[in-house]
Amino acid sequence: MAITFNAAPSYFWLDTWVLANIIEIATQDFCNRFVDYKIDPARRLYDQMVMAARSIRANIAEGSGRHETSFETEMRLTDVARASAHELLGDFMNYLMRHNLKAWELHDPKYQSTFFLKLAKPQYGENFIMDAMTHIASQKKRYDCFLERGTEEDAANCLLVLCLKINAMLTKMLGAQLQEFKNQGGFAENLTKTRLDGRREQAISEGAPACPKCGKPMLRRTIQRGVRQGQQFWGCSNYPECNATLKI
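The sections below set out a description of the structure shown in this document. Computed from a prediction, not measured in an experiment: that's the story for all the values here.

1. Description of the overall build of the chain
- A count of helices and strands for the chain gives eight helices and three strands.
- Secondary structure elements in the chain, listed N-terminal to C-terminal, are α-α-α-α-α-α-α-α-β-β-β.
- Expressed as a percentage of its 248 residues, the buried residues of the chain come to 41%.
- Considering only intrachain contacts with a sequence separation of at least 6, the fraction spanning at least 24 residues in the chain is 63%.
- By element, 54% of the accessible surface of the chain is carried by carbon and sulfur atoms, the whole surface being about 14800 Å².

What follows is the structure, encoded as structure tokens:
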């Protein structure tokens, strides 16, 4: 029996993920058109730019997928996506300078329309893969006046501004993730807390002594290395805030 999925993954709904797909596709097209063998004979620049664009999209997806298991991992991957956007931004800055092309001014209508264009909200049905591809393509078309039909300078500038835009979005996302982590913690972090709480309850039921410093129950611990390796002792369950020990 075939396995089916009834709902789109959570990251399909993120504007950052949609925009990252647009940047990836547009970067691939840009490199195919303009990063030729004359300026990049070993194809290293081509590969680096395409892989940086892919990294933005892939790390947003992977980070979102870890939301339920570890906020820490989610934040690290979001930051990797942001770092990749910085890397790609630098490549487009270098391209403009290398070819004596001008960067758009902040007040230029082209800059303003690119940076402040708001993406439409996706609509996903049963075939959410096809729906996502259709949505990404439709949103990319809104930039194609620069990416596909504009000059080389327009295309490079548009992608540079999109890198700035997604960087700002990822920075905001990272701040929200950090606040949520402070308020709730993640699965992995809460799992450690739950395990420790269970050990404290077990220690109380077994009549473990109270900590002489803070009064919390002590846990039976084992020395892991050194000449006393394997010997047991009582350690405070509030470690590392309290490091009191007792001999058994």
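Read on, since the account is not over.
2. Here's the deal with the pattern of salt bridges
- The full count for this structure, using the stated rule, is seven salt bridges.
- Note that Lys121 and Asp15 form a salt bridge whose closest N and O atoms lie 3.8 Å from each other. Linking Lys121 in the loop between helix 4 (109-115) and helix 5 (128-140) with Asp15 in helix 1 (residues 15-34), this pair joins segments that are 106 residues apart in sequence.
- For Asp144, the salt bridge is made with Lys140, and the minimal N-O distance between the two is 2.8 Å.
- Since its relative accessible area comes to 10%, Asp144 is described here as buried.

3. Overview of the packing of aromatic side chains
- In the structure shown here, the tally under the stated rule is twelve aromatic pairs.
- For the ring pair Trp13 and Tyr124, a centre distance of 4.7 Å and an interplane angle of 75° mean the geometry is edge-to-face. In this pair, Trp13 is assigned in the segment before helix 1 and Tyr124 in the loop between helix 4 and helix 5, connecting sequence segments 111 residues apart.
- For Trp13, a relative accessible area of 43% gives the class partly exposed.
- Among the residues examined, Tyr124 registers a relative accessible area of 16% and is labelled buried.
- In this structure an aromatic cluster arises from ring pairing among Tyr11, Phe12, Trp13, Trp17, Tyr124 and Phe128.
- Geometry around Tyr37 places Arg43 over its ring, the cationic atom sitting 4.6 Å from the centre.
- Note that Arg43 overlies the ring of Tyr46, its terminal NZ or CZ placed 4.2 Å from the centroid.

4. Description of the packing of helix 2 (residues 44-65) against helix 3 (residues 71-98)
- Direction vectors running N to C along helix 2 and helix 3 enclose 155°, while the axes themselves pass 8 Å from each other. As judged from the angle between their axes, helix 2 and helix 3 are roughly antiparallel. The chirality of how helix 2 crosses helix 3 is left-handed. On helix 3, the residues touching Leu45, Gln48, Met49, Ala52, Ala53, Ser55, Ile56, Asn59, Ile60, Glu62, Gly63 and Ser64 of helix 2 are Glu74, Leu77, Val80, Ala81, Ser84, Ala85, Glu87, Leu88, Asp91, Phe92 and Arg98.
- When its residues are assigned to classes, the contact of helix 2 with helix 3 shows twelve nonpolar, six polar and five charged.

5. Let's talk about unusual backbone geometry
- Positive phi, normally seen in glycine, also occurs at Arg43, with a value near 65°.
- Position of Arg43 among the secondary structure elements: in the loop between helix 1 and helix 2.
- Unusually for a residue other than glycine, Asn100 sits at a positive phi of about 55°.
- Checked against the element boundaries, Asn100 lands in the loop between helix 3 and helix 4.

6. A closer look at the environment of Arg66
- Its location among the elements puts Arg66 in the loop between helix 2 and helix 3.
- Its relative accessible area of 32% is what places Arg66 among the partly exposed residues.
- Each C-alpha atom, one on Arg66 and one on Leu77, is 9.2 Å from the other, the two residues being eleven residues apart in sequence.
- Beyond its immediate sequence surroundings of up to four residues, Arg66 is in contact with Thr73, Glu74 and Leu77.

7. Focus on empty space enclosed by the protein
- Applying the stated criterion across every chain yields a total of one cavity of 30 Å³ or more.
- The volume enclosed by the largest cavity comes to roughly 30 Å³.
- Secondary structure elements with two or more residues in the lining of the largest cavity: helix 1 and helix 7 (152-184).
- With four residues, helix 1 is the single largest residue contributor to the lining of the largest cavity.
- Among the residues forming the lining of the largest cavity, the class breakdown is five nonpolar, no polar and three charged.

8. Description of the environment of Ala103
- Counting through the fold element by element, Ala103 comes out in the loop between helix 3 and helix 4.
- In this structure Ala103 comes out as partly exposed when scored by relative accessible area, which is 47%.
- Sequence separation between Ala103 and Asn157 is 54 residues; the distance between their C-alpha atoms is 6.2 Å.
- For Ala103, the contacting residues outside a window of four places in its chain are Leu96 and Asn157.

Thresholds applied
- Residues numbered from 1 in each chain as written.
- Predicted model: local features only at pLDDT ≥ 70, side-chain atom pairs only at ≥ 80, totals over all residues.
- Heavy atoms only, no water.
- Helix = DSSP H or I, 4+ residues; strand = E, 2+ residues; numbered from the N terminus.
- Buried < 20%, exposed > 50% of the residue type's maximum accessible area, 1.4 Å probe, protein only.
- Contact = heavy atoms within 4.5 Å.
- Areas by Shrake-Rupley, 256 points an atom, 1.4 Å probe, with all protein chains shown as cover.
- Salt bridge = Lys/Arg side-chain N within 4 Å of Asp/Glu carboxyl O.
- Phe/Tyr/Trp six-rings, centres within 6.5 Å; stacked < 30°, edge-to-face > 60°.
- Lys NZ or Arg CZ within 6 Å of the ring centre and 35° of its normal.
- Axes fitted to C-alpha atoms, helices over the stretch in contact; angles between N-to-C directions.
- Parallel < 35°, antiparallel > 145°, perpendicular 65-115°, else oblique.
- Left-handed = near helix turned anticlockwise from the far one by under 90°.
- Nonpolar A, V, L, I, M, F, W, Y, C, P; charged D, E, K, R; others polar.
- 1 Å grid on protein atoms, 1.4 Å probe; cavity = no way out; pocket = protein on both sides within 12 Å on 5 of 7 lines; lining within 4 Å.
- Points joined across faces, edges and corners; volume = space filled by probe spheres on them.

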